[in-house]
Structure formats: structure tokens, C-alpha cells
Amino acid sequence: MSVKRALVPGSFDPVTNGHLDIITRSASLFDEVRVVVARNSSKQPLFSLDERLVMLEQVCSSLENVTVHTFEGLLVKYAELNGATVIVKGLRAVSDFEYELQMALMNRRLADHVETMFLMTGAEYSYLSSNIVKEIARLGGAIEGLVPKSVEGRLRQKLAERP
Ligand code: PNS
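Position numbers for residues count from 1 along each chain, tracking the sequence in the order it is written. Local features are withheld for residues below a pLDDT of 70 in this predicted model, meaning they are given only at 70 or higher, and side-chain atom pairs are given and counted only at 80 or more; totals for whole chains, interfaces and linings count all residues. Working from all heavy atoms in the structure, the side-chain values ignore hydrogens and water.

Novice: Where do I start with the nonpolar core in this structure?
Specialist: Grouping buried Ala, Val, Leu, Ile, Met, Phe, Trp, Tyr and Cys residues that are joined through side-chain atoms within 4.5 Å yields what is termed a nonpolar core. When a residue's accessible area, from a 1.4 Å probe over protein chains only, is under 20% of the maximum for its type it is buried; when over 50% it is exposed; and in between it is partly exposed. Residues Phe-12, Ile-23, Val-35, Leu-56, Val-66, Val-88 and Leu-155 are the most contacted members of the largest nonpolar core, which totals 36 residues. Runs of E in the DSSP output that reach at least two residues are strands. Runs of H or I that reach at least four are helices, and both are numbered from the N terminus. Those elements that place two or more of their residues in this core are strand E1 (5-10), helix H1 (17-29), strand E2 (32-38), helix H2 (49-60), strand E3 (66-71), strand E4 (86-91), helix H5 (130-138) and helix H6 (149-161). Should any heavy atoms of two residues lie within 4.5 Å, those residues are counted as being in contact. Residues within four places of Val-88 in sequence aside, it is in contact with Ala-6, Leu-7, Val-8, Pro-9, Ile-22, Ser-26, Phe-30, Met-117 and Leu-119. One finds Leu-7, Val-36, Ala-38 and Val-76 within the second-largest nonpolar core, a separate group that totals twelve residues.

Structural data, given as C-alpha cells:
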């Protein structure tokens, strides 16, 4: 029987509890899950690629079938080269849908054997995003419970280092 390998792609700047929920649920659905961090995102990240990888590796360490990688260029190309047949995305609200549908359809056009699957985010994370967590932290608000404990400290430290 062939191994079902899925990708959970993103910028993860930084990983939130919403991401971790999607990664954990994907790990129970597939034989292998690769969390893949985009190297060439158009966004200006707060954390370096290495910092994001370290945080992800820490929070995924208890998930035996999950590994963390980076990718550059087209996600479906990475999927093809690495034997992954599924891309998993989390959907929070209707506002995510239009953009995600566009990406899923374009990815299918590029590689019709790579399927995109959507997991509805847990209700408690439906308002969460890396950007909103960074903003709350920057403005001195409480971020407990929004990101993993190990990320909380790194986020506070990172913002303290900044002018
Ligand atoms: O966490 P993000 O920033 O929403 O993740 C977006 C990401 C990295 C998953 C998306 O931008 C992506 O897949 N980029 C890779 C480039 C690519 O394949 N583009 C074509 C998508 S239609």
C-alpha cells in the first residue's frame, strides 16, 4: 500500500495554535505530513526562515509522522518532487474562501493529481492569524493561548529587540 503524504504549507510567521490544530489533525489523517515553509513569500516576515523552522520543529516534536521543511517556487512542483498528493489548508471564515479557492483551482490546473483539502479551523481559533497575534503582542496585549508557549517568549523577545 502506498504512503499518503500530505503538505501543510504556509509562512508560519510565527506558528499559532490555529496552525498547530490543523497540523495535528492532518497528522491523524495521513501517513506522513510535511509542514512546508515558503522561502519566497512576498510578505516581509518578522522571524527569519531559520527561526520559523526552529519554532515549528519544537512544537511538532511530539507528532511522530510530522516533519518540517522549506520550499521555494511552486508548491505543486515541490509536492510532485516529494511524492505528496495532498495539500492541506485551514479555512477560518468565508473571507478565507475566495483566495483559497483561487489557489486550489490554480494548483489543480498546474497539477491535477495533487488534491487540495480544507480543514475547518477549530472555532476557538477562527479569529486567529499570525498577523493579528503579532499586532496584539506589539501593542502589549495578552497572547497567552494564541500561540504555543515556546513561541510566546520568542515573540516577546523579538519585539523587544526591535526599535
Ligand atoms: O501562510 P500563508 O502566507 O497564507 O501561505 C501561503 C502559501 C505559502 C501557502 C502560498 O503563497 C503558496 O503556496 N506559495 C507558493 C507559491 C505557489 O505555489 N504559488 C501558486 C499558488 S496558486
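Novice: It is not clear to me how the packing of aromatic side chains should be interpreted in this structure. Could you clarify?
Specialist: The geometry of an aromatic ring pair is captured by two quantities: the separation of the ring centres and the angle between the planes. Ring pairs are drawn from Phe, Tyr and Trp, using the six-membered ring of Trp, whenever the two centres fall within 6.5 Å, and their geometry is named by plane angle: stacked under 30 degrees, edge-to-face over 60, tilted for the rest. Taken as a whole and assessed by the stated rule, the structure comprises one aromatic pair. Look at Phe-71 and Tyr-78: their rings are 6.0 Å apart centre to centre, the planes differ by 55°, and that puts the pair in the tilted class. With relative accessibility at 11%, the residue Tyr-78 sits in the buried group.

Novice: Hey, could you run me through the site of the ligand in this one?
Specialist: Any residue with a heavy atom positioned within 4 Å of a molecule or strand is treated as near that molecule or strand. Neighbouring the ligand are the residues Pro-9, Gly-10, Ser-11, Ala-38, Lys-43, Phe-71, Gly-73, Leu-74, Leu-75, Met-103, Met-106 and Asn-107. Under this definition, polar contacts are N or O atom pairs within 3.5 Å; protein pairs additionally need one hydrogen-donor-capable and one acceptor-capable atom, and for neighbouring residues in sequence, both atoms have to be side-chain atoms. One of the side-chain N or O atoms of Ser-11 is found 2.5 Å from an oxygen atom in the ligand. Lys-43 is positioned with one of its side-chain polar atoms (N or O) 2.6 Å from an oxygen atom of the ligand. Residue burial considers only the protein chains on display, and all accessible areas are found by Shrake-Rupley using a 1.4 Å probe. Relative to its free-state accessible area of 550 Å², the ligand is covered by the protein chains to the extent of 75%. Elements supplying a minimum of two residues to the shell around the ligand: E1 and helix H4 (94-110). The greatest single-element share of the shell around the ligand, amounting to three residues, is contributed by H4. Under the scheme applied, nonpolar residues are Ala, Val, Leu, Ile, Met, Phe, Trp, Tyr, Cys and Pro; charged residues are Asp, Glu, Lys and Arg; polar residues are all the others, including Gly. Tallied by class, the residues present in the shell around the ligand amount to seven nonpolar, four polar and one charged.

Novice: Would you mind showing me how to read a nonpolar patch on the surface here?
Specialist: Residues enter patches when their relative accessible area tops 30% and they take part in no salt bridge; the joining distance is 9 Å for like charges and 5 Å for the nonpolar side chains Val, Leu, Ile, Met, Phe, Trp and Tyr. Whenever Lys or Arg places a side-chain nitrogen within 4 Å of a carboxyl oxygen from Asp or Glu, that contact is recorded as a salt bridge. Taken together, Val-94, Phe-97, Leu-101 and Leu-105 make up a surface patch of nonpolar side chains, about 390 Å² in accessible area. On the basis of relative accessibility, which here comes to 75%, the residue Val-94 falls in the exposed class.

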